[in-house]
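Each chain is listed here by its residues.
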4 protein chains.
Amino acid sequence: MIELDWTRAMESTALADPLPRMDRAQSPRSDKRERILDAASAVFARDGYHRARVSDIAREANIAYGLVYHYFTNKEEILRTIFEERWSGLLDAVDGVARSDASVEEKLESVAALILDGYRVRPDWVKVVVLDILRTARFADPGQLRAVGRLFQLVARIVRDGQAAGVLRPDLDPGLACSAFLGALELVITSRVLDLVETRSAAGGPSEPDRSTARTVVDILLHGLQTGARPR
Amino acid sequence: MIELDWTRAMESTALADPLPRMDRAQSPRSDKRERILDAASAVFARDGYHRARVSDIAREANIAYGLVYHYFTNKEEILRTIFEERWSGLLDAVDGVARSDASVEEKLESVAALILDGYRVRPDWVKVVVLDILRTARFADPGQLRAVGRLFQLVARIVRDGQAAGVLRPDLDPGLACSAFLGALELVITSRVLDLVETRSAAGGPSEPDRSTARTVVDILLHGLQTGARPR
Amino acid sequence: MIELDWTRAMESTALADPLPRMDRAQSPRSDKRERILDAASAVFARDGYHRARVSDIAREANIAYGLVYHYFTNKEEILRTIFEERWSGLLDAVDGVARSDASVEEKLESVAALILDGYRVRPDWVKVVVLDILRTARFADPGQLRAVGRLFQLVARIVRDGQAAGVLRPDLDPGLACSAFLGALELVITSRVLDLVETRSAAGGPSEPDRSTARTVVDILLHGLQTGARPR
Amino acid sequence: MIELDWTRAMESTALADPLPRMDRAQSPRSDKRERILDAASAVFARDGYHRARVSDIAREANIAYGLVYHYFTNKEEILRTIFEERWSGLLDAVDGVARSDASVEEKLESVAALILDGYRVRPDWVKVVVLDILRTARFADPGQLRAVGRLFQLVARIVRDGQAAGVLRPDLDPGLACSAFLGALELVITSRVLDLVETRSAAGGPSEPDRSTARTVVDILLHGLQTGARPR
DNA sequence: CATGAATGAGAATTCATTCAT
DNA sequence: GATGAATGAATTCTCATTCAT
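Residues numbered from 1 in each chain as written. Chains lettered and ligands numbered in written order. Predicted model: local features only at pLDDT ≥ 70, side-chain atom pairs only at ≥ 80, totals over all residues. Heavy atoms only, no water.

1. Regarding the protein's contact with DNA strand E
This is how the line gets drawn: When at least one non-hydrogen atom of a residue lies within 4 Å of a molecule or strand, that residue is treated as near it. Whenever a nitrogen or oxygen atom comes within 3.5 Å of another N or O atom, the pair is scored as a polar contact, on the condition that within protein one atom can donate a hydrogen and the other can accept it, and that pairs from neighbouring residues in sequence are kept only if both atoms are in side chains. Counting from the N terminus, the helices are the DSSP runs of H or I reaching at least four residues and the strands are the DSSP runs of E reaching at least two. For this classification, Asp, Glu, Lys and Arg are treated as charged, while Ala, Val, Leu, Ile, Met, Phe, Trp, Tyr, Cys and Pro are nonpolar and the rest, including Gly, are polar.
Around DNA strand E sit 29 residues in total, of which B:Lys32, B:Gly66, B:His70, B:Tyr71 and D:Tyr65 are the nearest. In the model, a phosphate oxygen of DNA strand E is placed 3.1 Å from a nitrogen or oxygen of the A:Tyr69 side chain. One of the side-chain nitrogen or oxygen atoms of B:Tyr71 is found 2.6 Å away from a phosphate oxygen of DNA strand E. Secondary structure elements with two or more residues in the surface near DNA strand E: helix 4 (65-71) of chain B together with helix 2 (28-47) and helix 4 (68-71) of chain C. Top element by residues in the surface near DNA strand E is helix 4 of chain B. It accounts for 4 residues. Taken together, the residues that form the surface near DNA strand E break down as 16 nonpolar, 6 polar and 7 charged.

And the structure:
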């Protein structure tokens, strides 16, 4: 089963800092930079992007106010970086899943696990992406929107492959199916973030790897809510 | 099948019914008040709550700046009012659905149709709710959060009733099922709002009553994506 | 001993409404007008002129918002009217005292009693004059300042007469003496208004006619704080 | 005789000591901060607290608008700070006077001189305190009221000590005596600030050290206005 | 006279961004 | 790199005054 090492994915700065670094086991630059990103994730998650002040981020990161502007040109770039550096890791992982020769069920379960696990390992980041970036995406550069769309496309490809293989019903619109799948996952997470509804397990916050939730969501999506006979 | 007359539920005035009525029974107070709410919905939907300026709302509503503060204590109260006055209409309708003696499938389809139809009839309002309120309210306004939770509870009740009646699989967590259902709907709408993915019909914006989408979403949720002995 | 009927003086509208009215035992005009003035006195006394809103005055007076502007051209005119209509009564009374052939001691005691009694009967009005009008007087029309100055002049005349009669020490500047006298009275009142210091009697608010305080203040001013021998 | 070095007590910078010092040991922070306080004193004294705009203060201080909010949370805090930082200096000085073993007469004369000298050295500040703070504080800020009350208490203590020593008449209420004393001083200053009455000297504005006024006021208060066996 | 909705200029406050040290 | 003071444009909110009914 394909997995994504979220911790590493979270520390990767591939997109923002594509130059290979000689030796930055702990170069001060990356140190401070990461601290800013982590602090920003926490503050954005807590207060929302618009209510968060740059000074809050600096305080949370325990660095000087002005230093934020050494590493980022403006507040928005912090948000964009949070998104890009980590979303690309997710896309790569999902892409790997989609290209693998696992069964459709396994693929979807892996994607669900990737996403749910992201919330477990980095709840702040997921909150920011779910609650702020998608909301801001209307205005920000269309590249961001496209990046979000890419996740849809990857999942839609899995669906289409399943339909081509005769495993999934061919009458269903892949786009709709994909929205249903990702939407289900998103709201499962959101309802936990916001504590909207109690679920039988793992309510209220991130806990151990939540493969059972992933399995249940995929189960619902694949086999439906109805009992076996499914008369109509 | 239970339906919600969104136009009435919205207490719409100018925007939905732009023809000036001869017998404008509306008191002048509520007239202007509604105009502000409609204008705010439009502006928030277009620019997002935080980017929208109160002066924009006033201009859009064709009223004086200060009048906004005659009817609302501040900008946030406008957002809260938009949500509350209309969400309660939705809750009432869903409650009616839940209490009816239709089949589970019919109930879920009605709920889906209610929600999707809201987007068709009042895209601005749905955009505001989906993009700003559901993501901004967070922890700030517990009343708002509770109102959102109530929708979950109503749907969860439908699910539980279905399980009790033996129509729905008893092994599934109703909370999770309900998140999956509403999440699917939400992302279907969001992906249209943001134009994230093309679906076979009704992509990119509101169109005719979208019962087919409702039916498909419920179909997926009830019978699953997988092929099998699920005649329709 | 000369006394001023504050209650009547307070209801006199001589300055602002010099035309003899045919019959206004209770004409609605004067009724509302007085209510506004009373309400304004109360609100100004409580919140201060600048913090008081016209709407507060209207609410306190139990009349419609806009009606205030039927009777007064603007907020400042309310303040001016409060001052003028009632200050002129005080000036007349003090003038009567000054012209009388009572002794200096009696005159000063009467003036002190007039002022202290004003506070007893109409604490709001005195608060407004003491706390707001003198403060605003810097900017408002100089006539107001002159009206305040007239009280000084009347008292100064009493002092000068006393000096001419050989009753008061001729070496003292009448202006200074007069400031000391009125200042003492003012701070006695203010310290009660603000509850700054506890005095042996009548602390905290208006009570019965406070002739004893008047007598004590004049006693201090005339005979000094020192014990009889007054050695130096 | 105990004196208060107002210039030092004021921690004055630019206005009182306009010559740029070579060794400006002042940290930049306190430098700007003081400039704001001095500018605010000037503007408040000229226009009154409520009419003064924060932008006026910034212009007067020759700094950027927003910097005011770097040092003070809001306009009111500027007023409060002006009062507190300097009133405490006065209180300390008066306290020193009260504790000294000078005669009652000397003590009161010193207090009068302290207060009158404050007006001579820092007319702006005194105007602000007299015209805005003492009349605005009211019931709003209990801390401020308490600070004002402390002056009363210190003076009342001097009076009581004098009574205990048999120098002052025991029949007089110390609170009243103290109000009379401070009130006399206050109105002497106010009448100069507002140019209400001409006194034989020092009319209309601050001039040389005004010990003679202090002596006269104390003379009046101690020995009274009346002629009699009061050699001096 | 009464009413209270409507108007809009004015002022406070916020905070992203720049810059001197 | 680091610091945090300095800047000022942008916006919200207030409230005296006007006006239509």
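There's more to say after this.
2. A word on the pattern of salt bridges
Here is the rule: Each reported salt bridge corresponds to a side-chain nitrogen of Lys or Arg within 4 Å of a carboxyl oxygen of Asp or Glu. Working definition: with a 1.4 Å probe on protein chains only, accessible area under 20% of the residue-type maximum means buried, over 50% means exposed, and in between means partly exposed.
Enumeration according to the criterion identifies 62 salt bridges over all chains in this entry. With a closest N to O distance of 2.8 Å, A:Arg99 and A:Asp95 form a salt bridge. Note that A:Arg99 and A:Asp95 are positioned in helix 5 (residues 75-99) at a spacing of 4 residues, about one turn of the helix. Judged by its relative accessible area of 60%, A:Arg99 is exposed. The partner of B:Arg33 in a salt bridge is B:Glu85, with the nearest N and O atoms 2.2 Å apart. Of this pair, B:Arg33 sits in helix 2 (residues 28-47) while B:Glu85 sits in helix 5 (residues 75-99); the two residues are 52 residues apart in sequence, bridging distant segments of the chain. Residue B:Arg33 is classed as buried on the basis of its relative accessible area of 18%. Classification of B:Glu85 as partly exposed rests on a relative accessible area of 24%.

3. Things to note about the side chain of B:Lys75
Residue and element names in this part refer to chain B. Worth spelling out the cut-off: When charges are counted, Lys and Arg are positive and Asp and Glu negative, with His and the chain ends excluded. Pairs of residues are marked as contacts when any of their non-hydrogen atoms sit within 4.5 Å.
For Lys75, the location among the structural elements is in helix 5. It is Asp56 that comes nearest to the buried, bridge-free Lys75 among opposite-charge side chains, at 8.0 Å. Sequence-distant contacts of Lys75, defined by excluding residues within four places in its chain, comprise Phe44, Tyr49, His50, Ala52 and Val54.

4. With respect to the packing of aromatic side chains
Keep this limit in mind: Each Phe, Tyr or Trp ring, with Trp reduced to its six-membered ring, pairs with another whose centre is within 6.5 Å; inter-plane angles below 30 degrees give stacked pairs, above 60 give edge-to-face pairs, and intermediate values give tilted ones. A positively charged side chain is recorded as over a ring if its NZ (Lys) or CZ (Arg) lies within 6 Å of the ring centre. The angle to the ring normal must also be within 35 degrees.
Scanning the entire structure with this criterion turns up 9 aromatic pairs over all chains. A ring pair is formed by C:Phe44 and C:Tyr49, whose centres lie 5.2 Å apart and whose planes are at 70°; its orientation type is edge-to-face. Residue C:Tyr49 is classed as buried on the basis of its relative accessible area of 8%. Geometrically, the ring pair formed by C:Phe83 and C:Trp87 is stacked, given 5.1 Å between the ring centres and 25° between the ring planes. Here the residue C:Phe83 and the residue C:Trp87 both occupy positions in helix 5 (residues 75-99), the gap between them amounting to 4 residues, near one helical turn. With relative accessibility at 1%, the residue C:Phe83 sits in the buried group. What makes C:Trp87 buried here is its relative accessible area of 8%. Positioned above the aromatic ring of B:Tyr49 is the side chain of B:Lys75, whose terminal nitrogen or guanidinium carbon lies 4.7 Å from the ring centre.

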